[in-house]
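Chain residues, written in single-letter form:
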Amino acid sequence: MKYPLFIAILCAYSSSTLAQSFTFYNYSLEEGLPSSEVYQAYQDKMGFIWFGTDNGVVRYDGNEMHTFHVKDGLSDPVVFGFQEDDNDRIWFTTYSGKLSYYEKGEIKKYKFNDKISKIMENGIISFTYSSERNELSFMVKHIVGKIDSLGVMEIDSVKKNGLHYFSTNNTGILAETRAPRNNKKYKVTIDKKEFDLSLSSRPFTLDNYNGRSRFVHWRDKLYLSIKNNIFVYNGNTVERVYSGDAPIISLTVDRDNNLWIGYINSGLESFNNDKFINSRTLSFFKDKSVTSVLQDNQKGLWITTLERGIYHIPNLVIKNHELTEDSKIIQVSSIGDSVFISNQQGVLEILHGVTRQNLWHKELNSPVQAFFISKRNKIFLYSDVHIYVLNSSLNIEKTYTGDALTFAEDAYGDIWTFGNQSTNRFNSEGERLSRIILPLRHRAFILHDSLFFLAGKTGLSIRNKNLKIIKSLEEFSDYKITGFMTLADTLLMVNTMGSGFTLLNTKTFKHQKFDVENNFIANNIYTAVKKDSVLWLGTEAGIVRLNTESLLKKRPVYSRWDKKNGLISNDIKFLAIAKQNVWAFSDNGYSIIPNELLKEQQKNPTPYLKRLVLNDSVFSKNEVPKTIKLPHDKTSVGIQVGYLSYKNQNIKSRYRLSKSTPWEYTRERSFQFTSLAPASYSFELEYSTDNIHWIPTKIDFNFVVTPPWWKLWYFQVGLTLLLMSMIFLYAWFQIKNYQQKNRLLNLVNTQQQKLVHAEINITERERKRIAKELHDGVGTSITAIKLGVMSQLTQHLQGNPKILEIENQFQNTLREIKDIAYDLTPPDLERYGLFTAINNYVNKVSSSVGKEIRVNIFGNDLPEGEMALSVFRVLQELISNSLKHAEATEISITINSFNDLMSIIFEDNGKGFDPSTVEKGLGLTNIESRIQLLNGTILLESTHYGVSYLIDIPINENNLD
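The rules behind the values
Residues numbered from 1 in each chain as written. Predicted model: local features only at pLDDT ≥ 70, side-chain atom pairs only at ≥ 80, totals over all residues. Heavy atoms only, no water. Helix = DSSP H or I, 4+ residues; strand = E, 2+ residues; numbered from the N terminus. Contact = heavy atoms within 4.5 Å. Areas by Shrake-Rupley, 256 points an atom, 1.4 Å probe, with all protein chains shown as cover. Expected span 1.5 Å × (residues − 1). Buried < 20%, exposed > 50% of the residue type's maximum accessible area, 1.4 Å probe, protein only. Pairing = 2+ DSSP bridges. Axes fitted to C-alpha atoms, helices over the stretch in contact; angles between N-to-C directions. Phe/Tyr/Trp six-rings, centres within 6.5 Å; stacked < 30°, edge-to-face > 60°. Patch = residues over 30% accessible without salt bridge, like charges linked within 9 Å, V, L, I, M, F, W, Y side chains within 5 Å. Salt bridge = Lys/Arg side-chain N within 4 Å of Asp/Glu carboxyl O.

### Some thoughts on the overall build of the protein
Moving on, step 1. Along the backbone of the protein there are 10 helices and 71 strands.
Moving on, step 2. The long-range fraction of contacts in the protein, counting pairs at least 24 apart against all pairs at least 6 apart in sequence, stands at 50%.
Moving on, step 3. Surface summary for the protein: the accessible area is close to 48,300 Å², and the carbon and sulfur share equals 49%.

Shown next, in the form of structure tokens:
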């Protein structure tokens, strides 16, 4: 975690420059540095800033410090410097001389360090590496050499006295073989050209200091430092151009082509010209040892020291000015080039908007609580219980008793005030036109379209020019309104403390809110100033510059300045614009942002992938596999991202795993996914610094969670085919088995039918035989007996009444025998056909039992045969069952005989029976057997109202035979 410290640093551009301060942040042990002794700051091509310390090397992205130690591959914990080759490898210069470099997220050791170690002799190595030739050029004390890609080393010796510089690989290497015995004479060899130098006799505190010399290329020349002297080499000569007050330990050229000189225990200074005049010094560093100065790609300065780590000055262009604790600012305004400031001490002063020169100063007896400058340059001021009107010469013209917490001017030039107890109205000349007692405290007001919009302690009310209340807007009842701004004819901007700002339509009263949850970055709007088409807001998140046109479209486009950009504070309570410079006031001071800086386009943070973790495997940016497949039982995905920015780390992210799912919003920079269902995923990440505009990060991954083997399509297809095959085989076997059983059943049924048919035929033949015997045999014999007996009885017992009785008994017996024979084989069936036989049989039964039996016959009669006999027997059995068992009194028989079908409907009114509970007797069995033999069907329905049978029998040749 970083702890920003605001410290006043006095900077003198010249003797006439006013004292001013800069905002900076100090990074030391408490902020994550491994050591407070820092030797160099370096920014690589990606934008990361590296710090070399005596306890490891640090890679910084503006938010998090990543330290690499010996355990991470560093060859030596003491890192003096950096250089980057054409393959983006970052090489480290170490105390021991052993080299290492950073490549693709890892620290790797130079593979020929053993060769360097043999020649070090406790000297500090200077080197440069050519990635094109895979060749290391180096210098250690009096030895100059090269090591090629195979490890072959070539060395040469130079003189053991003086300073040696060699141009190599478009840069250079430098070594100091031996310090001079005195401070006056020194030998320098530059690309094998030897020069005798005269050192300055200018004294400094460490006159025995024999530290390393430095070199830098500046303005197309080579500059060298020796002790406290700077020399320039122009190709032919070497001459001393500057002497400092202390030994020089760093030379740096920034992006603006300024030369920075760092001293041991004596701070630093810079020059913007090679005449070395009008130096810039930062006096706060006067007792620090400055080892390097880096200007990053966002124009921020990074100053490394041996005592207090690193200092980051975000901006040297923004000028900050402190205020004393008892000079709290009450109100700020501006006209043209002038800035008007009133404070709690009762002081009203006017400063020049560019030079900051005090143009006017007036002390009142009490604090100035509010003031206002009209369009006619009249100054209205409220202090204590008086309202003062000042002219353009700042002389008090009029004084009124009253209070005024806020002022506003209407379209007619009248000035209105609202205070704790009253409302005042003044004309453009400062004469009070009216005073109305209105016992309500109002924070702010605006006169818009002849209506007053008044903000109380909380809430918003609307009154007419007579101050009669028209409407109170309930939606604003809890809002602490700080001010209003007219944006259009019917549109007001309502600024609040704690609720951001709201756009209010003054006709429809519809409104849209903007706060940290709704397309804005701040909740506290302390002040608002409009200049041309630009709106400036002072918030708890710094200054916000809003494009008015974008705001009218409800899609605000804005830029922001805060403490990370160099402001004195993030809480900006007042704003003023003078000569296009923006003055931003906080409780402890104010910052002046020059117009040229405001025109610069602010750079967006650069997103990058820190690492990707797939289950137990860790991947860096350059190692991410093209195809990512995860098994269903191991679906842990971890994604860590960072954002490169040294002035804006107020970043919000949103992500999703597919285009069909909604965005997830967060300020976290680590994303963890577990227990993912088998599917295809596409991770997308976007970020925003303004909570409105979202920028793709290009950090996206496509990965697949594979289903278990039993859910794979080819397994499921195979399993489906196997199951279908098994079902098919099972069904095939079942069909075969059914067919076999059916054949057997048909065979059994055929045999049964044959047996039944044989049985019925036998029964019918036996009936015929018995009927014939009864009719021809027994009947004839009894007739013969009758004749004989009756003849004898007549002869012997003539006239006896017993004879007639005996004769009647013979007649009855013969009749019964005939009836039995008829029942066994109805002769009418053979003689006249089925229908006649049935009618005769029904008439006979009906007359003998005295019951009504109706027969209705339609269609063609059947000749005597198997079918006719079977139908007769069936009807015979049904009539018998109805009379004997069902106790029926009425029977109805309907026969429909067609060419190919005979349909029989048999009904009675008997008591019926339950077919499911009544055990089938021989009669029903015979009926069903006979119909089955004829390939017919029988349907039975029985209720307590009677029984009905529906019988259908096909008529074919087989049935007729």
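### A closer look at helix H8 (residues 866-884)
Moving on, step 1. Over its 19 residues, H8 runs 27 Å from end to end, which matches the ideal 27 Å to within 8%, given 1.5 Å per residue.
Moving on, step 2. Among the 19 residues in H8, 15 count as buried, and that is most of the element.

### Side note on helix H7 (residues 834-849)
Moving on, step 1. Across its 16 residues, H7 extends 22 Å between first and last C-alpha, which sits within 8% of the 22 Å expected from 1.5 Å per residue.
Moving on, step 2. Of the residues trailing H7, Gly-850 is marked for its positive phi of about 70°.

### Focus: the sheet that holds strand S21 (residues 238-243)
Moving on, step 1. Spatially, S18-S19-S20-S21 is the arrangement adopted by the 4 strands of the open sheet, whose pairing is antiparallel. Because the sheet does not close on itself, it has two edges, and the strands there are strand S18 (214-218) and S21. Adjacent strand axes in the sheet meet at a mean angle of 30°, parallel and antiparallel pairs treated alike.
Moving on, step 2. Pairing between strand S20 (residues 229-233) and S21: 5 bridges, direction antiparallel. Note on S21: the bridge partner recorded for Val-232 is Glu-239.

### Quick notes on the packing of aromatic side chains
Moving on, step 1. The final tally for this structure, using the stated rule, is 65 aromatic pairs.
Moving on, step 2. On the basis of an interplanar angle of 20° and a centroid distance of 6.0 Å, the ring pair of Tyr-42 and Phe-82 is categorised as stacked. Taken together, the residues span a long stretch of sequence, with Tyr-42 in strand S2 (residues 38-43) and Phe-82 in strand S6 (residues 79-84) at a distance of 40 residues.
Moving on, step 3. With relative accessibility at 9%, the residue Phe-82 sits in the buried group.
Moving on, step 4. Counting every residue linked through ring pairs, the aromatic cluster contains Tyr-42, Trp-50, Phe-68, Phe-82, Phe-92 and Tyr-102.

### So, a nonpolar patch on the surface
Moving on, step 1. A surface patch of nonpolar side chains, about 600 Å² in accessible area, is lined by Trp-713, Tyr-714, Val-717, Leu-721 and Met-724.
Moving on, step 2. Inspection of the secondary structure assignment puts Trp-713 in helix H4 (residues 713-796).

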